[in-house]
Amino acid sequence: MSDAAANPLKAGLEDVVVSTSDICFIDGHKGRLLYRGFDVDDLVAQSTFEEVTYLLWYGKLPSRKELDAHVKALSSTANRKLPPKLITMLRQLPKKTTPMEVLRTGVSALSAFDPDAADNSREATLRKSIRLTAQMPTLVAAWERIRRGKPVVAPNPKLSLSGNFLYMMTGKKPTELATKTFDVALILHADHEFNASTFAARVTAATLSDVHSGVVSGIGALKGPLHGGANEQVMLMVQKIKDPAKADAWIRQALADKARIMGFGHRVYRVEDPRAKHLKRLALELGQQAGSTVNIQILDIMAGVVSAAKHIFPNVDLYSGAAYASMGISTDQFTPIFAMSRVAGWAAHILEQHGNNRLIRPRSDYTGATDAKYVPLAER
Ligand code: ACO
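In this report, we go over the structure that sits alongside the text. (Residues numbered from 1 in each chain as written. Predicted model: local features only at pLDDT ≥ 70, side-chain atom pairs only at ≥ 80, totals over all residues. Heavy atoms only, no water.)

### Notes on helix 13 (residues 244-256)
- Its 13 residues give helix 13 an end-to-end C-alpha distance of 19 Å, which sits within 8% of 18 Å, the value for a rise of 1.5 Å per residue.
- Where helix 13 is concerned, the buried positions are Pro244, Ala247, Ile251, Ala254 and Leu255. The buried residues of helix 13 occupy an angular sector of 95° when projected down its axis, which confines them to one face. Of the exposed residues in helix 13, the ones pointing more than 90 degrees away from its buried face are Ala245, Lys246, Ala249 and Ala256.
- Looking at the buried residues of helix 13, the elements they touch are helix 12 (230-241) and helix 15 (294-310).
- Near the N-terminus of helix 13, the side chain that reaches the backbone nitrogen of Ala245, with its oxygen 2.9 Å away, is that of Asp243.
- Note on helix 13: the residue one or two positions beyond its end, Lys258, has a positive phi of about 60°. (Helix = DSSP H or I, 4+ residues; strand = E, 2+ residues; numbered from the N terminus. Expected span 1.5 Å × (residues − 1). Buried < 20%, exposed > 50% of the residue type's maximum accessible area, 1.4 Å probe, protein only. Arc of directions from axis to C-beta. Contact = heavy atoms within 4.5 Å. Polar contact = N/O pair within 3.5 Å; in protein donor to acceptor, adjacent residues only side chain to side chain.)

### Remarks on the sheet that holds strand 2 (residues 32-35)
- Strand order in the open sheet formed by three strands is 1-2-3, with antiparallel pairing between adjacent strands. Each end of this open sheet is capped by a strand with a single partner; those strands are strand 1 (24-27) and strand 3 (38-39). (Pairing = 2+ DSSP bridges.)

### Focus on helix 7 (residues 122-147)
- The terminal C-alpha atoms of helix 7 lie 37 Å apart, and with 26 residues this matches the ideal 38 Å at 1.5 Å per residue to within 8%.
- At Gln135, helix 7 shows its largest bend, some 25°, and a proline, Pro137, comes one to four positions later.
- Counting buried residues along helix 7, 23 of its 26 residues qualify, which places the element largely inside the surrounding structure.
- Backbone geometry just after helix 7 places Gly149 at a positive phi near 70°. (Bend = angle between axes of the 7 residues up to and from the residue.)

### Here we look at a nonpolar patch on the surface
- On the surface, Leu13, Val16 and Val18 cluster together into a nonpolar patch covering about 210 Å² of accessible area.
- On the secondary structure map, Val18 appears in the segment before strand 1.
- By relative accessible area, Val18 is classed as partly exposed at 42%. (Patch = residues over 30% accessible without salt bridge, like charges linked within 9 Å, V, L, I, M, F, W, Y side chains within 5 Å. Areas by Shrake-Rupley, 256 points an atom, 1.4 Å probe, with all protein chains shown as cover. Salt bridge = Lys/Arg side-chain N within 4 Å of Asp/Glu carboxyl O.)

Listed below in structure tokens is the structure:
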């Protein structure tokens, strides 16, 4: 209808290439995921979330000296702590506010306290990215404590980002297995090319808006159940099924009812998401340590049935929740945890967008009326 109608319509922008990028590569047919050329399987085995943030933002692995300085910046109390006024603000929120709403609100409010708020240079955006990555775990943990009527736990600069987050959530030093598992989960969620939330962050950045605004856009997009919100929905489904003996019949009925099964399917992968196997392994180890593998048994039965019946495979959201649940983390915190990691990718993409910017502004194929006659209100 419009002058854009001559262009082929691609619903959901499927397979549309909108920009070049050096950050992340997905091979959807082979099930490979690379950050800056490095296979995530290698990063999971050998790296840390802190090092991965460096890799994503600076485009190379750090030297020992560079890594030490980067880790120091990410773990310093100055960068991790929340402004006291923000904690006061959190206390004013209704206790039923969901953690994802709190995170979206809190990140937006953090820009009001950021000394670089008005500076969009690459250097300032990097400083803000470090602060946001350091502050978001504190924000997520602070809300968990506040809503449960417990005292907020101050960050411990001696702990890694993962260890410190688990410590601030519970007030207790986490086990090595829990810290390692959590760190691997953060590495695996750190970036994923032009997914919905990253694209949202880039669209915002492309208006030359700032990193806080881009991250808030990302959080808003991640919240939905078709994207990051799926991990929470998976666990709610597992809680409904409860018993592995009932899983097969339950999932077959859901498929017969044409239900959308959360944790399965992907726009890009035509095989199993390469992140799922790591999360499954770690969720199983944690479950064994905690004395129950029921959740994993249910998920495995679901995976067998859905893959065979629909040729739709597990994605990153299928097993992550089971790992977090074994650490005693509430289901509605799963998506905020995803955001705590993906902020690294959002920041990398905002930096890249700013470095070679063009406003992102697609067209629609207009299908509405063209000759509507305005009737005055009194005559309608
Ligand atoms: N359960 C049941 N059917 C599915 C699923 C699923 N999880 N995923 C896709 N399908 C089916 C659709 O019904 C559709 O079938 P049809 O052609 O017979 O109508 C076909 O597969 C294609 O589905 P689309 O929704 O068009 O695929 P799209 O690429 O748009 O969606 C998405 C991808 C949103 C991830 C989808 O697979 C889904 O809804 N999955 C469940 C939610 C989920 O787990 N999201 C997390 C994804 S990973 C991430 O964002 C971190």
